[in-house]
Amino acid sequence: GESVGLHLPTLSVQEGDNSIINCAYSNSASDYFIWYKQESGKGPQFIIDIRSNMDKRQGQRVTVLLNKTVKHLSLQIAATQPGDSAVYFCAENNNAGNMLTFGGGTRLMVKP
Amino acid sequence: DAEITQSPRHKITETGRQVTLACHQTWNHNNMFWYRQDLGHGLRLIHYSYGVHDTNKGEVSDGYSVSRSNTEDLPLTLESAASSQTSVYFCASSTGSQETQYFGPGTRLLVL
């Protein structure tokens, strides 16, 4: 079936470096994508979203890139800080109401 | 401030007991969702509701039920708890289709 990034890799970066977290999706009909951050013991927290009519969207220290041709989504975090350490999930709206399909997540570890 | 809360935050119960997890949001969101989160499976949708008196089954609905008697609350009931239902449960809400879902802090449930 359709899926979004089912693996949980770990990305380790040095404090101050930029981080790039990737996500592959397989449902070409999806037209809305969200990145969530989840810290230990907490619920997923919205970071940034993007709709399929855009290929880039920027927030505070974060940028989301969408490549519909290869069905790839990425989250870029500038000047990564220790507080950015968490698991990051991508999610896609599968165009069936407000249903989201979540990827398995990527763990970001920031070394001081 | 508007928010979404879950209670209890931690629960230990025995196999066969009925358990109800509460979810309450003060954003006046129409859509509410229940997910479970397990290692190796990410977030999986249990039930969801698009408004008062509306409920729908998600990907892993067996053994769970929900009711929506008002806009603010979507309680999740485990009719006869099983050890396989040991998990972390998250409630989420959103304003409507193609909109971000906002998550509660989670309930950690242990079924012995």
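Just so you know, these numbers come straight off a predicted model, no measurement behind them. (Residues numbered from 1 in each chain as written. Chains lettered and ligands numbered in written order. Predicted model: local features only at pLDDT ≥ 70, side-chain atom pairs only at ≥ 80, totals over all residues. Heavy atoms only, no water.)

Caption draft 1: View of a nonpolar patch on the surface. Residues and elements named next belong to chain B. Side chains of Ile12, Leu110 and Leu112 sit close together on the surface and give an oily, nonpolar patch of about 310 Å² of accessible area. In this structure, Ile12 sits in strand β2 (residues 10–13). Residue classification places Ile12 among the exposed residues on the basis of a relative accessible area of 60%. (Patch = residues over 30% accessible without salt bridge, like charges linked within 9 Å, V, L, I, M, F, W, Y side chains within 5 Å. Areas by Shrake-Rupley, 256 points an atom, 1.4 Å probe, with all protein chains shown as cover. Salt bridge = Lys/Arg side-chain N within 4 Å of Asp/Glu carboxyl O. Helix = DSSP H or I, 4+ residues; strand = E, 2+ residues; numbered from the N terminus. Buried < 20%, exposed > 50% of the residue type's maximum accessible area, 1.4 Å probe, protein only.)

Caption draft 2: View of the sheet that holds strand β1 (residues 4–7) of chain B. Residue and element names in this part refer to chain B. Pairing within the open sheet is antiparallel, and its 4 strands lie in the order β1-β3-β8-β7. The sheet terminates laterally at β1 and β7 (64–66), the two strands that pair on one side only. Sheet twist, expressed as the mean angle between neighbouring strand axes with direction ignored, is 20°. Both β1 and strand β3 (residues 19–25) contribute to a ladder of 4 bridges, which runs antiparallel. Residue pairing for β3: Ile4 is matched across the bridge by Gln25. (Pairing = 2+ DSSP bridges. Axes fitted to C-alpha atoms, helices over the stretch in contact; angles between N-to-C directions.)

Caption draft 3: Local environment of the pattern of salt bridges. All told, the structure shown has 7 salt bridges over all chains when counted by the stated rule. Here Arg57 of chain A ties to Asp49 of chain A by a salt bridge, and the two come within 2.2 Å at their closest N and O atoms. Here Arg57 of chain A falls in the partly exposed class, since its relative accessible area comes to 36%. Measuring nitrogen to oxygen at the nearest pair gives 2.8 Å for the salt bridge that ties Asp38 of chain B to Arg36 of chain B. Arg36 of chain B matches Asp38 of chain B in its accessibility class, with the two residues each being buried.

Caption draft 4: Expanded view of the nonpolar core. All names here are of chain A. Judged by nonpolar contacts, the single largest core of 19 residues is most densely connected at Trp35, Leu73, Leu75, Tyr88 and Leu108. Among the secondary structure elements, those contributing two or more residues to this core are β2 (19–24), β3 (32–38), β4 (45–51), β6 (62–67), β7 (72–77), β8 (86–93) and β10 (106–111). Leaving out residues up to four positions away in the same chain, Leu75 has contacts with Ser19, Ile20, Ile21, Trp35, Ile47, Ile48, Val62, Thr63 and Tyr88. (Core = buried A, V, L, I, M, F, W, Y, C linked by side-chain atoms within 4.5 Å. Contact = heavy atoms within 4.5 Å.)

Caption draft 5: Structural view of the state of the cysteines. All names here are of chain B. Evaluation of the coordinates by the stated rule reveals 2 disulfides over all chains. The disulfide bridge from Cys23 ends at Cys91, spanning 1.8 Å between sulfur atoms. Taking the sign of the S-S torsion, about -70° here, the bridge from Cys23 to Cys91 comes out left-handed. Of this pair, Cys23 sits in strand β3 while Cys91 sits in strand β9 (residues 87–94), and the two are 68 residues apart along the sequence. Residues Cys23 and Cys91 agree in their burial class; the two are buried. (Disulfide = S-S within 2.5 Å.)

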